[in-house]
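Now for the letters of each chain:
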Amino acid sequence: MQLHMGRLLAVAWLVLCAIQGQEPPKPSVLKPYRVLVVVAGWGDPASQVIGEKDAFQPVAALLKAWSVPFDILRLDQQTLGASYLFDRSGAVRYGAMLWLVDMPSYAGKNLAALTEAVQQGTSIIVAASRFTDPVLERILGLHYKADYRAPDPVLRGPVHFITRELMDDIKPGREQSLHIWVECRGAQALISQGRHPVLTVYQPSPDTAAVWVGAPDLRSLNDSPYWRNIFQRSLLWGLRYLVLPDVDYSRRVLVMIDDWGAADKSFLSYWRYQTVTEELMRDKVIPVLAHHHAVVSANVVTGFVDRKTHRVISPWDQKFTDDYGVEQDYASTQRGLKAAVEAGVLEIQSHGWTHMQPDLDSAPGPWWTADLDGEASVGGWYEEFEDTRRGVEAPALAQLFHLKRSLDYLRQDFGARPLSVIIGGGGWSKSYQNHSARVAAQAGFGFFDINESYFYLDRDLALDMTGISPASGHQYDRELHPEKWPQHPDGPFVLLFHDRDISLQHDFVERTFNALPKDTMTLSMNHYVGILHAQVTSAGEGIEFGFQYEEPYGAYFGNHPSSWRLLLADPLVGKIKQSATANMIVDGRMAGPLNTSQLAESPVLIHLPAGTGTHSWKLELK
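Residues numbered from 1 in each chain as written. Predicted model: local features only at pLDDT ≥ 70, side-chain atom pairs only at ≥ 80, totals over all residues. Heavy atoms only, no water.

Chemist: Any chance you could explain the overall build of the protein here in plain terms?
Modeler: Looking only at helices and strands, one finds 15 helices and 35 strands in the protein. Relative to its length of 622 residues, the protein is compact, with a C-alpha radius of gyration of 27 Å against a globular reference of 25 Å. Its C-alpha atoms put the protein at 95 × 55 × 50 Å along the principal axes. Relative to its 622 residues, the protein shows a buried fraction of 55%. A separation of at least 24 residues holds for 73% of the contacts in the protein among residues at least 6 apart in sequence. Working note: accessible area of the protein is about 25,900 Å², and carbon and sulfur atoms make up 50% of it. Here the protein holds 56 positive side-chain charges and 71 negative ones, and the gap between their average locations is 6 Å. (Helix = DSSP H or I, 4+ residues; strand = E, 2+ residues; numbered from the N terminus. Rg over C-alpha atoms; globule rule 2.2 N^0.38 Å. Buried < 20%, exposed > 50% of the residue type's maximum accessible area, 1.4 Å probe, protein only. Contact = heavy atoms within 4.5 Å. Areas by Shrake-Rupley, 256 points an atom, 1.4 Å probe, with all protein chains shown as cover. Lys, Arg positive; Asp, Glu negative; His and termini not counted. Charge placed at Lys NZ, Arg CZ, Asp CG, Glu CD.)

Here it is, written out as structure tokens:
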């Protein structure tokens with residue numbers, strides 16, 4: 001009987017290690033919990049900003065939403081060599097690889113190390129790719145034949161772990177945009193469109209999987225419930241497990257309230273209203289939020305642009321009657337915000353420093369002395385991160401100055417360390433040198449919000465999360481219709497309104513929360529940032545995970561417990577069920593036995609105590 005090529009290579013590796021007197025790396029029960037995303041190119045030459053124009057952005061956003069650790073290898077700047085795929089002990093670095101490269105992006109690349117990594121435990125998922133390299137063909141058990149177009153329906157074939165939970169009501173009826181015709185040469189077709197395989201699976205070595213996903217494009221892996229399910233199950237099959245946030249986002253809403261402390265409400269004719277007082281907060285806002293067990297974000301401006309002194313001063317010292325005869329008491333507003341924070345219903349976040357562009361002096365200004373019925377009323381003056389009045393971007397250094405002032409003064413004024421910043425006025429700079437999200441990451445923020453979309457931020461990456469969390473604005477003179485809100489299973493719905501709405505309609509917060517479905521809960525900004533920044537790793541030779549909550553991003557978990565869902569593929573379920581007992585150990589302490597009877601149907605819940613830093617969770621098998 002002819003041996004499988006994968007087994008031959010595996011045996012050859014063991015023999016080579018024996019000849020050289022080396023111990024081959026011991027296989028772990030768990031594959032490394034890290035994914036290598038291979039892409040053809042990247043719009044940012046410095047590899048820091050992933051924008052919506054990058055074809056792989058939807059996949060990167062999904063991985064971040066799922067808390068799956070990943071690295072990116074770009075073939076226009078890097079070579080896929082052994083140094084990327086193996087650590088210095090000889091073990092593989094990645095439990096799975098996502099190949100998101102279409103031909104001919106990898107022409108002339110040496111993929112020999114890829115075969116070696118697959119033989120030693122790295123699974124591979126190839127999506128929306130015409131794989132023309134012989135190495136990829138052998139790994140996938142497929143041959144690319146041609147492009148095609150067909151009207152046939154997409155139908156499931158043999159039952160497999162990847163497809164057994166697919167719902168017929170979400171499948172595409174006719175996908176004429178599917179166009180990659182492959183021929184199975186050892187691989188099994190799990191879904192087909194007429195004669196054309198659409199999803200295939202193969203086993204190139206005893207402990208690895210090779211999956212080809214013939215989705216119309218990479219964006220469909222995020223946007224389409226059908227393809228998203230296939231993608232997640234394929235990744236679960238390749239890694240053998242996934243550790244996902246234990247949050248039901250379909251019942252979660254992230255609420256943000258803008259413009260606290262901004263000066264413009266006291267002088268702009270089209271945006272004038274009384275700043276919200278402490279009495280109004282204590283009477284109409286705090287009790288409502290407490291009743292609904294809600295925590296919302298107050299996006300605060302800490303710089304008051306004073307037309308009298310031509311300076312940026314503290315808002316909280318301002319108490320005056322404005323030109324419209326309205327009494328403005330910003331000190332009362334600050335007391336109300338502090339009371340809401342103390343009551344546990346509000347978090348202080350940043351809305352920039354001034355809500356105005358950095359240059360208030362140059363032509364067509366100076367803004368300080370311009371007529372408020374004319375030049376000074378133009379909207380471009382009120383955009384802090386882009387200078388649309390002059391048709392240019394805001395310089396990176398000026399943005400950084402404003403962001404750091406916001407951080408410093410919010411710490412002074414509220415004792416707060418905000419993790420998110422939302423832009424004022426809708427304008428932001430997009431070139432690499434002035435990219436507002438990248439600059440916000442440099443300043444130390446973990447979240448950059450653009451009203452109805454946002455970026456995940458850390459010190460190395462600014463990732464556009466478009467496609468994950470739908471969002472909408474709301475205001476006092478509208479009805480709320482949450483039944484019409486689009487949903488995504490991997491992110492909360494984001495609802496934004498202003499302090500103006502509370503000022504003009506005192507029961508606005510109560511009306512808004514009463515309009516939400518009864519089972520809706522808020523997800524606070526700090527909680528969400530903590531989830532997105534959590535670092536999950538596999539550890540040891542058994543079934544063990546590490547969870548790192550790094551300051552400042554993970555501050556929420558300093559005094560809140562956390563919860564995760566461990567999904568298991570059939571091979572790992574089988575290994576666990578071979579044991580007589582399975583005990584859960586959290587941070588080195590016994591946390592109770594695990595009922596293994598329903599492992600294949602239900603996720604394992606991982607509960608961790610409050611505290612930043614590192615936590616551990618282990619399944620002890622005997």
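Chemist: How should I be thinking about the sheet that holds strand E32 (residues 582–586) in this particular structure?
Modeler: Hydrogen bonding along the main chain pairs the strands of a sheet, whether they run parallel or antiparallel. Reading across from one edge, E29-E30-E35-E32-E33 is the order of the five strands in this open sheet, with antiparallel pairing throughout. Each edge of the open sheet is held by one strand with a lone partner, namely strand E29 (535–538) and strand E33 (589–593). Adjacent strand axes in the sheet meet at a mean angle of 20°, parallel and antiparallel pairs treated alike. Pairing of strand E30 (residues 543–549) with strand E35 (residues 613–621), which is carried by seven bridges, proceeds in the antiparallel orientation. Across the sheet, residue Gly-546 finds its bridge partner in E35, namely Ser-616. (Pairing = 2+ DSSP bridges. Axes fitted to C-alpha atoms, helices over the stretch in contact; angles between N-to-C directions.)

Chemist: Mind showing me how you'd approach helix H13 (residues 508–515) here?
Modeler: Think of an α-helix as turning once every 3.6 residues; residues three or four places apart then point the same way. Within the span of H13, buried status applies to Phe-508, Val-509, Thr-512 and Phe-513. Buried residues along H13 cover an arc of 120° about the axis, so they all sit on one side. (Arc of directions from axis to C-beta.)

Chemist: Got a minute to help me understand the pairing of strand E12 (residues 241–245) in this structure?
Modeler: A regular strand carries its side chains on alternate faces of the sheet. Counted residue by residue, E12 has five buried out of five residues, so it is predominantly covered. Relative to strand E31 (residues 562–568), E12 is paired through five bridges, and the arrangement is antiparallel. Among the inter-strand pairings, Leu-244 is bridged to a residue of E31, identified as Arg-565.

Chemist: How should the packing of aromatic side chains be read in this particular structure?
Modeler: Aromatic ring pairs: the centre-centre distance and the angle between the two ring planes describe each pair. This structure, assessed with the given rule, holds 30 aromatic pairs. Geometrically, the ring pair formed by Phe-131 and Trp-212 is edge-to-face, given 6.2 Å between the ring centres and 75° between the ring planes. Placement of the pair is Phe-131 in the loop between strand E5 (123–127) and helix H5 (134–140) and Trp-212 in strand E11 (residues 208–213), with a sequence separation of 81 residues. Phe-131 gets classed as buried once you look at its relative accessible area, which sits at 0%. (Phe/Tyr/Trp six-rings, centres within 6.5 Å; stacked < 30°, edge-to-face > 60°.)

Chemist: How should I be thinking about the sheet that holds strand E3 (residues 70–74) in this particular structure?
Modeler: Strand order in the open sheet made by the eight strands is E3-E1-E4-E5-E11-E10-E9-E7, with mixed pairing throughout. Across the chains shown, the open sheet's two edge strands, defined by having one partner strand only, are E3 and strand E7 (154–156). If you compare each strand with its neighbour and ignore which way they point, the axes differ by 15° on average. Inspection of the sheet shows strand E1 (residues 35–39) paired to strand E4 (residues 96–99) by four bridges, in the parallel sense. Within the sheet, the bridge partner assigned to Leu-36 lies in E4 and is Met-97. Packing of helix H4 (residues 112–119) onto the sheet brings it into contact with E4, E5, strand E10 (196–205) and E11, and relative to E10 it is tilted by some 70°. Sheet strands touched by helix H7 (residues 225–239): E1, E4, E5, E7, strand E9 (188–193), E10 and E11. Its angle to E11, the strand with the most contacts, is close to 165°.

Chemist: Where do I start with the side chain of His-402 in this structure?
Modeler: Structurally, His-402 can be placed in helix H10 (residues 396–414). At a separation of 2.7 Å, a polar atom in the side chain of His-402 contacts the side chain of Glu-384. Among all residues touching His-402, those that are not within four sequence positions of it are Trp-353, Thr-354, Met-356, Pro-358 and Glu-384. (Polar contact = N/O pair within 3.5 Å; in protein donor to acceptor, adjacent residues only side chain to side chain.)

Chemist: What am I meant to see in the pairing of E31 here?
Modeler: In terms of residue burial, E31 counts as a mostly covered element, since five of its seven residues are buried. By the bridge criterion, five bridges tie E31 to strand E34 (residues 604–608) in an arrangement that is antiparallel. Counted as the bridge partner of Ser-563 is His-607 from E34.

Chemist: How should helix H14 (residues 525–533) be read in this particular structure?
Modeler: Along H14, nine of the nine residues are buried, which leaves the element largely enclosed by surrounding structure. All of the buried residues in H14 are Met-525, Asn-526, His-527, Tyr-528, Val-529, Gly-530, Ile-531, Leu-532 and His-533.

Chemist: Sorry if this is basic, but what is going on with the nonpolar core here?
Modeler: Generally speaking, nonpolar side chains in soluble globular proteins are found buried as a group. If you look at the biggest cluster of nonpolar residues, it comprises 100 residues, and the most contacted ones within it are Leu-98, Val-213, Leu-235, Phe-547 and Trp-617. With eight residues, the top contributor of residues to this core is H7. Those residues in contact with Leu-98 that lie beyond four places of it in its chain are Val-35, Leu-36, Val-37, Val-38, Val-59, Leu-63, Ile-125, Phe-231 and Leu-235. Ranked by size, the runner-up nonpolar core spans 50 residues in total, among them Trp-260, Leu-280, Leu-410 and Ile-502. (Core = buried A, V, L, I, M, F, W, Y, C linked by side-chain atoms within 4.5 Å.)

Chemist: Honestly, the side chain of Glu-278 in this entry has me stumped. Any pointers?
Modeler: Tracing the backbone shows Glu-278 in helix H8 (residues 278–291). The buried category is assigned to Glu-278, whose relative accessible area is 15%. Beyond its immediate chain neighbours, meaning those up to four positions away, Glu-278 contacts Ser-332, Thr-333, Arg-335 and Gly-336.

Chemist: Whenever I open this one, the pattern of salt bridges confuses me. Can you help?
Modeler: When charged atoms on two side chains of opposite charge get close, those side chains can pair. What the rule picks out here adds up to 19 salt bridges. A salt bridge links Glu-165 to Arg-233, with the shortest nitrogen-to-oxygen separation between them at 3.5 Å. Pair noted here: Glu-165 is in the loop between E7 and strand E8 (180–184) and Arg-233 is in helix H7, with a separation of 68 residues, a long-range link. (Salt bridge = Lys/Arg side-chain N within 4 Å of Asp/Glu carboxyl O.)

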